[in-house]
Structures are given as structure tokens and as C-alpha cells.
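So you can see what is in the structure, the chains are spelled out below.
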Amino acid sequence: MQLKTKLSILACSLLAASSLSAEDYVSVQFVQYDESDDRASVSSPSIEFSKDFGVDYNLKLGLVADSISGGSPTWFDTTSGASAYSRGEDIHMDDVAYGNVEYDDNRVAGSALFTTRFASRDELAIGVNFSTENDYRARELSAEYLYYLGSSKNQSLSLGLSYQANEVQVECIENEACDANSGASQTMDVDVISAELGFTQILNQDSLAKVSFFYISEDGYLSNPYMNVVRSYNPNSSIVDVVAENKPDKRTAYGATAQYIVAITDTISSNSTYRFYDDDWDIMSHTISSELYYELGKSWILGAGLRYYTQSEAEFYRAGFFGDETYASSDERMRDFDAWGYKVNADYKILPSLSMNVGLNFYDQQDTFNATYYNIGLKYSF
Amino acid sequence: MIKATLVMLSVLLFGGCSIKDVQPWEKETLAKDTMKNAAGNTLMTKFENHIYFSKEGSKGGGGVAGGGCGCN
């Protein structure tokens with residue numbers, strides 16, 4: 001009886017420790033991201049704050065400010081300059097080129113997530129997100145319910161839903177009210193509805209597994225306002241048109257993820273994930289990723305990660321010229337490709353309540369570009 | 001009924017693994033940062049997810065919240 005009482009006190013202490021001290025923190029992170037061949041560069045400082053209010057409520061706030069510059073590849077009319085708006089009709093094909101068009105942008109994104117824990121310790125999390133760029137605005141409302149299936153809380157079910165309303169500034173489509181400088185003139189809407197159902201099972205003291213199924217429905221202007229295609233209506237002619245790409249205005253996707261996390265020894269753990277994705281644009285993808293962590297003494301955590309991604313081609317993608325097809329895109333993200341990602345990182349506990357992290361990451365997308373990015377951050381727990 | 005169905009589903013999905021009824025005081029290892037995505041570095045997880053969202057043709061599976069253009 002005494003032992004049982006002591007164990008109960010220990011259990012309460014562990015739960016209290018995890019819910020109070022582990023949840024209250026402020027962390028900052030800076031990431032510098034650079035792509036090869038003078039493509040995108042991003043400087044991204046971010047901050048996150050998490051605070052428990054008693055044992056039933058938690059508030060998490062996040063803010064990120066990206067400064068983006070560089071070049072993005074597309075078709076353009078060389079006689080009117082290397083711009084995403086260098087479009088036109090009746091252009092000689094010798095005057096058409098595929099290459100980087102320069103751009104710069106600033107993105108500010110914020111998030112707030114409020115979590116309520118009920119007497120059963122089930123959780124309801126309500127979130128709001130916003131993201132603004134020069135030519136894009138996103139607002140999102142999300143809700144997720146975490147339902148424990150037993151008193152020992154070794155199994156849980158989660159259901160998440162979100163609605164996102166986006167507005168994108170697009171170059172004048174109907175040749176009305178065009179801005180001569182930016183080309184941006186019309187505000188187009190994109191609505192996104194997402195749902196995710198997850199199931200987590202604690203397998204034993206050292207491992208757990210999670211499976212989830214997700215659904216995404218997008219509706220609205222899904223083309224990229226900076227991407228052009230070349231249309232050649234007469235194969236015997238050298239005269240072509242450079243026009244804006246045209247993707248379908250609806251996209252429905254579904255997929256599933258499976259994750260396995262295990263402490264291999266007292267100091268080594270691994271986290272492996274597989275994701276399957278399929279949509280009605282004919283893109284099917286598989287993603288496999290794995291992270292390994294090693295606790296060196298009481299102050300260091302060393303990590304390494306590997307990620308492999310492969311996808312099939314969208315039905316309307318073509319690297320070369322189009323004819324009069326309704327849907328046409330030369331957006332490289334719509335092509336068939338593989339990508340690899342590698343990372344190493346270290347986390348050092350300076351004080352019991354203060355830690356710093358550094359990381360070096362490499363991303364290599366087949367036949368197009370690679371990116372190197374490093375991160376450095378601090379986390380203060382209170 | 002729902003609970004029973006889910007427990008059955010769990011047995012079917014993870015039947016090959018040895019599932020133990022872990023007590024709350026036995027979850028110290030499971031609560032470690034090293035048992036979380038990116039060792040608990042949620043800011044880095046968000047950044048990486050935004051890269052993949054911006055540079056690849058598929059998305060989803062990491063929770064329902066998030067946003068942004070990623071046009072370039």
C-alpha cells in the first residue's frame with residue numbers, strides 16, 4: 001500500500017513536471033537558407049512562446065518574418081526582359097527563354113494555439129494562423145480534439161480540422177486595371193479545407209507508434225501567378241505565345257502517415273516516418289524520413305536526419321511547349337522528381353533552464369537545385 | 001463500442017509489436033525531447049515543412065495548421 005502511494009506520488013510528480021516546467025518556454029531561431037544557381041535565399045528569424053495556465057490551459061504563440069530574394073525559373077520573352085510578366089503573343093521562339101526571373105518578398109506569419117484540457121485530460125486545441133506577403137494573404141482557423149481511449153492514456157485518437165482563406169494578387173487576367181509596375185491587379189481567392197485523423201499507441205516504456213489519415217481540398221486560383229508557359233499553336237511555325245500557366249481550380253488530395261519512435265538505448269533514440277500522398281492532379285508521392293538522436297552526458301543532444309522524397313508528374317505538366325490544352329504548367333514542382341535531405345544538429349544545455357541549438361541542413365532536388373541552410377537558436381524554459 | 005473498435009484496430013495495426021500497458025510513472029523515457037519530432041524544436045519543424053510545401057508538389061500529414069504562399 002505504501003509502495004503504491006509512493007508510486008502514485010511519483011507519477012503525479014512526473015506528470016506535473018512535464019505539464020508545468022516542460023510547457024513554459026520562449027524559444028528563438030534564426031535560419032539562413034540558400035539555393036544553388038542564384039535561386040532563392042531566405043533569412044528567417046522566428047520566435048515561439050508557450051505558457052501553461054494551471055494544468056488545464058496552455059497558450060502557444062509564434063511569429064516568423066522571412067526575407068526572401070533571388071530568382072525563380074520560368075519561361076519569358078527575352079525581348080521584354082527577364083521578368084515573370086515578360087509575356088506576349090506572336091513571339092519568335094528564338095526570343096523565348098527558360099531561366100530565373102528575379103524577385104524579392106517579405107513574409108510575416110503568426111500563429112496562436114489555445115489548448116484546453118478537460119477532466120478526462122482529453123484536449124481541445126483551437127488555433128488561428130495568418131501569413132502575409134506582398135502579393136499573398138492567408139488566414140486560417142483550426143481545431144483539434146485529442147481523445148484518450150483509456151485511463152492509462154496509452155492510446156489516443158485525434159481529429160483535426162482547418163479552414164484556410166487565401167487571397168493572391170494576380171496579374172490582370174482580363175486586361176483590366178493592370179498595374180504597369182507590378183502587373184498585380186486582381187485579387188483571387190483560394191479556399192483550403194483540411195482534415196486529419198490520427199491514432200497513437202504507446203507500445204511499451206520505450207516506444208510509440210502513430211498513424212494518421214489526411215484529406216485536403218483546395219478550391220480557387222491554384223495557378224502560380226509567376227509561372228509562364230509557351231504555347232505553339234502551329235507546329236510548322238516558329239511563332240509562339242508566352243502566357244500565364246493555367247492549373248485546374250480544384251484539387252483534392254488524401255494521404256496517410258505512419259510514424260515509429262523508439263528509444264534504442266538509454267541514450268539513443270530514433271524517429272522514423274513514412275507518408276503517402278495522392279491527388280486528382282495525378283501527383284502521387286512517397287516520403288521516408290528518419291532522425292537519430294544521441295544524448296551525450298547531461299548537456300548535449302546530437303542529432304542526424306535523412307529524408308527521401310519522390311513524386312510523379314501532374315497530368316498537365318510539360319517542360320517544353322504546349323498547344324491549346326486548357327490546363328498547362330511548366331512549374332518544376334509539378335514534374336516527376338526525387339529529392340534527398342540531410343541534416344545534423346546539436347543541442348547544448350548551457351544552464352538547466354537555457355539551451356542553444358545549431359544545425360546544418362542540405363536539400364538536393366534531382367536535376368534542378370540544391371539548398372544549404374543552417375539554423376541557430378536559444379530556448380529558455382521557466 | 002467505439003472504444004472497443006479502436007482497441008481492436010490497434011491490435012490489428014500493431015499486433016506484430018509487443019504492446020505493454022505502460023503506467024504513468026513508466027513514461028519518463030517517452031517524455032524526453034529526443035522522443036519528439038526534431039527533438040522538440042518546433043520552430044525548425046515549421047520552417048522545414050514550409051520549404052517542402054514551397055518546393056514540392058505534395059503536402060499534408062503534419063497536422064492541419066499552417067499557411068503561406070510559397071509561390072517562388
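Residues numbered from 1 in each chain as written. Chains lettered and ligands numbered in written order. Predicted model: local features only at pLDDT ≥ 70, side-chain atom pairs only at ≥ 80, totals over all residues. Heavy atoms only, no water.

(A) Seen up close, the confidence of the model for chain A. All names here are of chain A. Mean pLDDT over chain A: 89, with 91% of residues reaching 70 or higher. The least confident element of chain A, judged by mean pLDDT, is helix α1 (residues 2–20) at 36; the most confident is strand β16 (residues 300–311) at 98. Throughout residues 1–21 the model reports pLDDT below 50, and contacts reaching past four residues in sequence, or to other chains, amount to 13 contacts. (pLDDT = per-residue confidence, 0-100. Helix = DSSP H or I, 4+ residues; strand = E, 2+ residues; numbered from the N terminus. Contact = heavy atoms within 4.5 Å.)

(B) Just the nonpolar core, in detail. If you look at the biggest cluster of nonpolar residues, it comprises 18 residues, and the most contacted ones within it are V168(A), V190(A), A314(A) and M334(A). In this structure, V168(A) is in contact with D135(A), Y136(A), Q186(A), T187(A), M188(A), V190(A), Y221(A) and P225(A), ignoring residues within four places of it in sequence. The next biggest cluster of nonpolar side chains, apart from the first, holds 17 residues, and it includes Y309(A), F369(A), A371(A) and M44(B). (Core = buried A, V, L, I, M, F, W, Y, C linked by side-chain atoms within 4.5 Å. Buried < 20%, exposed > 50% of the residue type's maximum accessible area, 1.4 Å probe, protein only.)

(C) Region of interest: the pattern of salt bridges. Across all of its chains, the model carries 25 salt bridges over all chains by this definition. The closest approach of N and O atoms between R121(A) and D56(A), which form a salt bridge, is 2.9 Å. Of this pair, R121(A) sits in the loop between β5 (96–117) and β6 (123–133) while D56(A) sits in the loop between β2 (41–53) and β3 (57–77), and the two are 65 residues apart along the sequence. For R121(A), a relative accessible area of 26% translates into the label partly exposed. Classification of D56(A) as partly exposed rests on a relative accessible area of 27%. A salt bridge links E295(A) to K32(B), with the nearest nitrogen and oxygen atoms 3.0 Å apart. In this pair, E295(A) sits in strand β15 (residues 284–296) while K32(B) sits in the loop between α1 (2–13) and α2 (42–55), so the two residues belong to two different chains. (Salt bridge = Lys/Arg side-chain N within 4 Å of Asp/Glu carboxyl O.)

(D) Broad picture of the packing of aromatic side chains. Within the structure shown, the criterion is met by 18 aromatic pairs over all chains. Ring centres of Y342(A) and F362(A) lie 6.3 Å apart, and the angle between their planes is 25°; this geometry places the pair in the stacked category. A residue pair is termed long-range when its members are at least 10 positions apart, and Y342(A) in strand β17 (residues 337–351) and F362(A) in strand β18 (residues 354–365) qualify at 20 residues. Judged by relative accessible area, F362(A) falls into the partly exposed class, the value being 31%. Between the aromatic rings of Y363(A) and Y52(B), the centroid separation amounts to 6.1 Å while the plane-to-plane angle is 45°, which identifies the pairing as tilted. Taken as a pair, Y363(A) in strand β18 and Y52(B) in helix α2 lie in two separate chains rather than in one. The class for Y363(A) is buried, based on a relative accessible area of 1%. (Phe/Tyr/Trp six-rings, centres within 6.5 Å; stacked < 30°, edge-to-face > 60°.)

(E) Structural context of the interface of chain A and chain B. Chain A puts 94 residues into the contact, and the matching count from chain B is 55 residues. Contact with chain B buries surface across chain A, with L203(A), Q205(A) and R333(A) losing the most and accounting together for 11% of the total. Applying the counting criterion to the chain A and chain B interface returns 6 salt bridges. For E218(A), the salt bridge goes to K59(B), with nearest N and O atoms at 2.9 Å. In this structure, the connection of chain A to chain B is made through 31 residue pairs in polar contact (both at pLDDT 80 or more). Classifying every residue of the side of chain A that touches chain B gives 43 nonpolar, 32 polar and 19 charged. (Buried area = accessible area lost by both parts, 1.4 Å probe. Polar contact = N/O pair within 3.5 Å; in protein donor to acceptor, adjacent residues only side chain to side chain. Nonpolar A, V, L, I, M, F, W, Y, C, P; charged D, E, K, R; others polar.)

(F) Expanded view of the sheet that holds strand β12 (residues 239–244) of chain A. Residue and element names in this part refer to chain A. If you trace the 3 strands from one edge of the open sheet to the other, you get β4-β12-β11, paired in antiparallel fashion. Two strands close off the open sheet at either side, each with one partner strand: β4 (88–92) and β11 (228–231). Across the sheet, the mean angle from the axis of one strand to that of its neighbour is 30°, orientation sign disregarded. Inspection of the sheet shows β4 paired to β12 by 3 bridges, in the antiparallel sense. From the neighbouring strand, G88 faces β12, where its bridge partner is V242. (Pairing = 2+ DSSP bridges. Axes fitted to C-alpha atoms, helices over the stretch in contact; angles between N-to-C directions.)

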